[in-house]
Amino acid sequence: MYSQVGQRSRRRPVAGCIGGLVVVILLLSGLGFIIVRLHGGVALSVGPHPSVIIHNCDVPIVVHAGEPGQVVLPGIFPQYGQDTSTSTIELGDCGSISGINGVMLTVPAETNLQFDTNDSITVLGVSGTMNLSTNGSRITLINVSLAGQSKIDDNGGTITMSGALTQGSNSSLSDNGGQIDLTLPSNAAFHLNANGIQGPIVSDFAGVQASIDTINTFQVDVGQANSGIVLALDMNDTALVLRKGA
């Protein structure tokens, strides 16, 4: 028999334990970073009345009004460009910012939007100059004020808007064979210029009705003359519903 007296068990080097602990901490930190980005996105500081641009998108876009002074982009590593001098953010790749439900953005309540997508667009609670285009899908604008020379074009889907037209604005809504459903304040005043082939027209505002010749242009002052607000409707066999809101 061999005596075990005096033999000592080997000890793991302290440096190895510390190194392993550091690796674990780094992994946990990285995981925490990813979770935070997935949940809260990336917040970018912007000036007053910023602009957000998205080109050639193939997924739904949903925009919510949020805190002033920041635009929140979804995704872990969203691809974007930012011009701080003009407070403009341009997103070049929807894939880097889209989730299960498409692109979800949060912007200040006063923001200019320029979107081009083959899917639907939804804007909630935002005011500004908007150039929104879809390819036969739905555009929904709720509690939205159109400013400047806004253009909303769905190329055959449905445009639904509830909101207002700002003073001095010259907005255009264009539809090809679908429907425009527009709700404006009951005391709204604007000059309506409707062009193209009219479908059925239902209106709560006096003076807005289908003409005898459906292939026609009609113009009418709604509320009062010389309001300083112009709304153009470009229709191609388009149904129009014009409602009075609160």
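Residues numbered from 1 in each chain as written. Predicted model: local features only at pLDDT ≥ 70, side-chain atom pairs only at ≥ 80, totals over all residues. Heavy atoms only, no water.

## A closer look at the overall build of the protein chain
Per the secondary structure count, the protein chain includes one helix and 20 strands. Every one of the 246 residues in the protein chain was classed for burial, and the buried ones make up 40%. Roughly 13,200 Å² of accessible area belongs to the protein chain as shown, and the carbon and sulfur atoms make up 53% of that amount. (Helix = DSSP H or I, 4+ residues; strand = E, 2+ residues; numbered from the N terminus. Buried < 20%, exposed > 50% of the residue type's maximum accessible area, 1.4 Å probe, protein only. Areas by Shrake-Rupley, 256 points an atom, 1.4 Å probe, with all protein chains shown as cover.)

## Concerning the confidence of the model for the protein chain
Residues with a pLDDT of 70 or more make up 77% of the protein chain, whose mean pLDDT is 83. Note on residues 1–6: pLDDT under 50 across the span, and zero contacts to partners over four residues away in sequence or across chains. Across residues 25–40, confidence stays below pLDDT 50; counting only partners more than four residues off in sequence or on other chains, it has ten contacts. (pLDDT = per-residue confidence, 0-100. Contact = heavy atoms within 4.5 Å.)

## A few points about the nonpolar core
Counting residues in each nonpolar core, the largest one holds 51 residues, and the members touching the most others are Phe115, Val123, Leu132 and Phe190. Residues in contact with phenylalanine 115, not counting those within four places in the same chain, are Val52, Ile54, Ile61, Val63, Leu105, Ile121, Asn131, Leu132 and Ser133. (Core = buried A, V, L, I, M, F, W, Y, C linked by side-chain atoms within 4.5 Å.)

## Points about the environment of glutamine 219
Position of glutamine 219 relative to the elements: it lies in strand S19 (residues 218–222). Sequence separation of glutamine 219 and glycine 207 is twelve residues, and the distance between their C-alpha atoms is 9.5 Å. Those residues in contact with glutamine 219 that lie beyond four places of it in its chain are His191, Leu192 and Asn193. A polar atom in the side chain of glutamine 219 sits 2.8 Å from the side chain of histidine 191. (Polar contact = N/O pair within 3.5 Å; in protein donor to acceptor, adjacent residues only side chain to side chain.)

## Comments concerning the packing of aromatic side chains
Scanning the entire structure with this criterion turns up one aromatic pair. Taken together, a centroid distance of 6.2 Å and an interplanar angle of 75° make the contact between phenylalanine 190 and phenylalanine 205 edge-to-face. Of the two residues, phenylalanine 190 is situated in strand S18 (residues 190–203) and phenylalanine 205 in the loop between S18 and S19; the sequence distance between them amounts to 15 residues. When its relative accessible area of 1% is taken as the criterion, phenylalanine 190 is described as buried. The class of phenylalanine 205 is buried, set by a relative accessible area of 4%. Positioned above the aromatic ring of phenylalanine 205 is the side chain of lysine 244, whose terminal nitrogen or guanidinium carbon lies 5.5 Å from the ring centre. (Phe/Tyr/Trp six-rings, centres within 6.5 Å; stacked < 30°, edge-to-face > 60°. Lys NZ or Arg CZ within 6 Å of the ring centre and 35° of its normal.)

## Observations concerning the side chain of serine 51
For serine 51, the location among the structural elements is in strand S2 (residues 51–57). For serine 51, a relative accessible area of 18% translates into the label buried. There is a polar contact of 3.5 Å between the side chain of serine 51 and the side chain of asparagine 112. Not counting residues up to four positions away in its chain, the partners in contact with serine 51 are Ser87, Thr88, Ile89, Thr111 and Asn112.

## Remarks on the pattern of salt bridges
Side-chain pairs of opposite charge can arise where the charged atoms are in close proximity. Enumeration over the complete set of coordinates arrives at one salt bridge. With its nearest N and O atoms 2.8 Å apart, the salt bridge here joins aspartate 181 to arginine 243. With aspartate 181 in strand S17 (residues 179–184) and arginine 243 in strand S20 (residues 230–244), this pair connects stretches of sequence that are 62 residues apart. (Salt bridge = Lys/Arg side-chain N within 4 Å of Asp/Glu carboxyl O.)

## Some remarks on the side chain of threonine 140
When you line up the elements, threonine 140 lands in strand S13 (residues 139–146). Dropping the residues within four chain positions of it, threonine 140 is found in contact with Ile121, Thr122, Val123 and Thr160.

## Considerations on the pairing of S19
Taking every second residue as pointing to the same face, the buried face of S19 carries Phe218, Val220 and Val222, while none of Gln219 and Asp221 on the other face is buried. Strand direction decides the pairing type here: S18 and S19, joined by five bridges, are antiparallel. Bridging across to S19, histidine 191 finds its partner in aspartate 221. (Pairing = 2+ DSSP bridges.)

## Comments concerning the pairing of S18
In terms of strand pairing, S18 meets S20 through eleven bridges, oriented parallel. Each residue of the ladder has a partner; that of histidine 191, found in S20, is valine 230.

## Comments concerning the environment of glycine 136
Inspection of the secondary structure assignment puts glycine 136 in the loop between strand S12 (130–134) and S13. Sequence separation of glycine 136 and asparagine 118 is 18 residues, and the distance between their C-alpha atoms is 7.5 Å. For glycine 136, the contacting residues outside a window of four places in its chain are Asp154, Asn155, Gly156 and Gly157.

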